[in-house]
Amino acid sequence: MTEPDRIDRSIMRELQKNARITITELASRVGLSKTPCQVRMRRLEEQGYITGYTALLNQTRMGMSHIAFAQVTLNDTSSKALAAFNEAVRGIAAVEQCHMIAGNFDYLLKVRTRNMAEYRQVLGEQISALPHVLQTSTFVVMESVRDGAL
């Protein structure tokens, strides 16, 4: 596996901005011709630097404008307990992101719902019921200043 060079990083940055860019336009922006650009893209995909392509959706237009971050503290942090939590949290559709944290709590979840009532239901019936959850604490987003990879 080769480390990405300056051109590879440029390709990845451009694809993050617009994954639907044509190969011709991408090649032009990174200073390559079409074929070498395609070869580099394939290599970046094969080596796992590019793991997929996706569409960014306007969640507010889709009625999913409520964002909350939930701190989760577990009552057991053994490998087995962490694995059980990790597997179960993947099954909650409202959990947009889940990160294990080094600090005073164990996980930080980004949860997206339609409104506070729906969030309360997800928290009470799904998140709190996850394996080994001892306590949660919620922080509600008032405004998203920057959201996404760009």
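The coordinates are above.
Our subject in this report is the structure included herewith.

Here is what the cut-offs are and how they apply
- Residues numbered from 1 in each chain as written.
- Predicted model: local features only at pLDDT ≥ 70, side-chain atom pairs only at ≥ 80, totals over all residues.
- Heavy atoms only, no water.
- Axes fitted to C-alpha atoms, helices over the stretch in contact; angles between N-to-C directions.
- Helix = DSSP H or I, 4+ residues; strand = E, 2+ residues; numbered from the N terminus.
- Parallel < 35°, antiparallel > 145°, perpendicular 65-115°, else oblique.
- Contact = heavy atoms within 4.5 Å.
- Nonpolar A, V, L, I, M, F, W, Y, C, P; charged D, E, K, R; others polar.
- Polar contact = N/O pair within 3.5 Å; in protein donor to acceptor, adjacent residues only side chain to side chain.
- Salt bridge = Lys/Arg side-chain N within 4 Å of Asp/Glu carboxyl O.
- Buried < 20%, exposed > 50% of the residue type's maximum accessible area, 1.4 Å probe, protein only.

Looking now at the packing of helix 2 (residues 23-30) against helix 3 (residues 34-46). Viewed as axis vectors pointing N to C, helix 2 and helix 3 meet at an angle of 95°, and their least axial separation amounts to 9 Å. Put simply, helix 2 runs roughly perpendicular to helix 3. On the side of helix 2, the interface is formed by I23, T24, L26, A27 and V30, while helix 3 contributes K34, C37, Q38 and M41. Split into classes, the residues belonging to the contact of helix 2 with helix 3 amount to six nonpolar, two polar and one charged.

Turning to its location among the elements, Y49 is positioned in the loop between helix 3 and strand 1 (66-74). Residues Y49 and R9, 40 residues apart in the sequence, show an inter-C-alpha distance of 9.8 Å. Non-local contacts of Y49, meaning those with residues more than four positions away in its chain, are made with M1, T2, E3, P4, M12 and L44. Looking at Y49, its side chain comes within polar contact range of the main-chain oxygen of T2, at 3.5 Å.

Looking now at the pattern of salt bridges. Note that side chains of opposite charge can pair when their charged atoms are close. Counted under the stated rule, the structure contains 11 salt bridges. The shortest N-O distance in the salt bridge between E14 and K17 comes to 3.7 Å. With E14 and K17 both in helix 1 (residues 6-17) and three residues apart, this pair spans about one turn of that helix. A residue is classified by how much of its surface remains accessible, and K17, at 53% relative accessible area, is exposed. Among the salt bridges present, the one from K110 reaches E96, with a minimum N-O distance of 3.0 Å. In this pair, K110 is assigned in strand 3 (residues 107-113) and E96 in strand 2 (residues 95-100), connecting sequence segments 14 residues apart. The exposure class assigned to K110 is buried, which follows from its relative accessible area of 5%.

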